[in-house]
Amino acid sequence: MALSKDKKAALVKKFAKNEKDTGSVEIQIALLTEQINALTLHLKNNHKDHSSHRGLMRLVGQRKSLLNYLEKSDRDSYIKLIKDLKLRK
C-alpha cells in the first residue's frame, strides 16, 4: 500500500522542521502512520490476507521504535506529534 506522491508531499510539508527536511523522525512516523491506517482499512475487508497482516505488524513495530527514540531524544516534539497524529500512548 504505497502512498501517492501528493499525499506523501503533504505529510512531509506538514511535519518538516525546515524546507529541506525530508527524513526526520517526525516525518518517518507520520508516513508510517498513514501506511498503517491504509493497511488497517485493507485488512478490515480482507481479513484472510495474512501476508499484509505480517507487514502491518512490521510497520507498527518500526513506528514504535521511532516513537521510543523520539520520546527519549525530544519529549516536546514527541508530545506534539502524538497529538497531531491522534495516537494513543
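Our subject in this report is the structure included herewith. Fair warning: this is a prediction, and the values are worked out from it, not measured in the lab.

### Overview of the overall build of the protein chain
Secondary structure assignment for the protein chain yields four helices and zero strands. Reading the protein chain from its N end, one meets helices and strands in the order α-α-α-α. Dimensions of the protein chain, computed from the C-alpha atoms along their principal axes, are close to 40 × 30 × 20 Å. Taking all 89 residues of the protein chain together, 34% fall into the buried category.

### With respect to unusual backbone geometry
A positive phi angle is found at K86, which is not glycine, with a value near 60 degrees. Here K86 shows up in the segment after α4 (75-85).

### Section: the pattern of salt bridges
Applying the stated criterion to the full structure yields four salt bridges. Taking the shortest distance from any N to any O, the salt bridge between E71 and R75 comes out at 2.6 Å. The class of E71 is partly exposed, set by a relative accessible area of 29%. Overall, the relative accessible area of 43% leaves R75 in the partly exposed class. One salt bridge connects D84 with K80, and the closest N-O pair in it is separated by 3.1 Å. One end of the pair is D84 and the other is K80, both in helix α4 and four residues apart, which spans about a single turn. Judged by its relative accessible area of 33%, D84 is partly exposed.

### As for the side chain of S77
Mapping S77 onto the fold places it in helix α4. Given a relative accessible area of 15%, S77 falls into the buried group. Setting aside chain neighbours within four positions, we find S77 in contact with E26 and L70.

### Thoughts on helix α2 (residues 25-45)
Because each turn of an α-helix spans 3.6 residues, side chains separated by three or four positions end up pointing in the same direction. Along its 21 residues, α2 runs 31 Å from first to last C-alpha, staying within 8% of the 30 Å computed at 1.5 Å per residue. Taken together, the buried positions of α2 are occupied by V25, E26, I27, I29, A30, L31, L32, T33, I36, L39, H42 and L43. Looking at the buried residues of α2, the elements they touch are α1 (5-15), α3 (50-73) and α4.

### As for the nonpolar core
Ranked by size, the top nonpolar core spans 22 residues in total, and within it F15, I29, L67, L70, L81 and L85 carry the most contacts. Contributions of two or more residues to this core are made by α1, α2, α3 and α4. Here this core takes nine residues from α2, the largest share from any one element.

Calculation rules
Residues numbered from 1 in each chain as written. Predicted model: local features only at pLDDT ≥ 70, side-chain atom pairs only at ≥ 80, totals over all residues. Heavy atoms only, no water. Helix = DSSP H or I, 4+ residues; strand = E, 2+ residues; numbered from the N terminus. Buried < 20%, exposed > 50% of the residue type's maximum accessible area, 1.4 Å probe, protein only. Salt bridge = Lys/Arg side-chain N within 4 Å of Asp/Glu carboxyl O. Contact = heavy atoms within 4.5 Å. Expected span 1.5 Å × (residues − 1). Core = buried A, V, L, I, M, F, W, Y, C linked by side-chain atoms within 4.5 Å.

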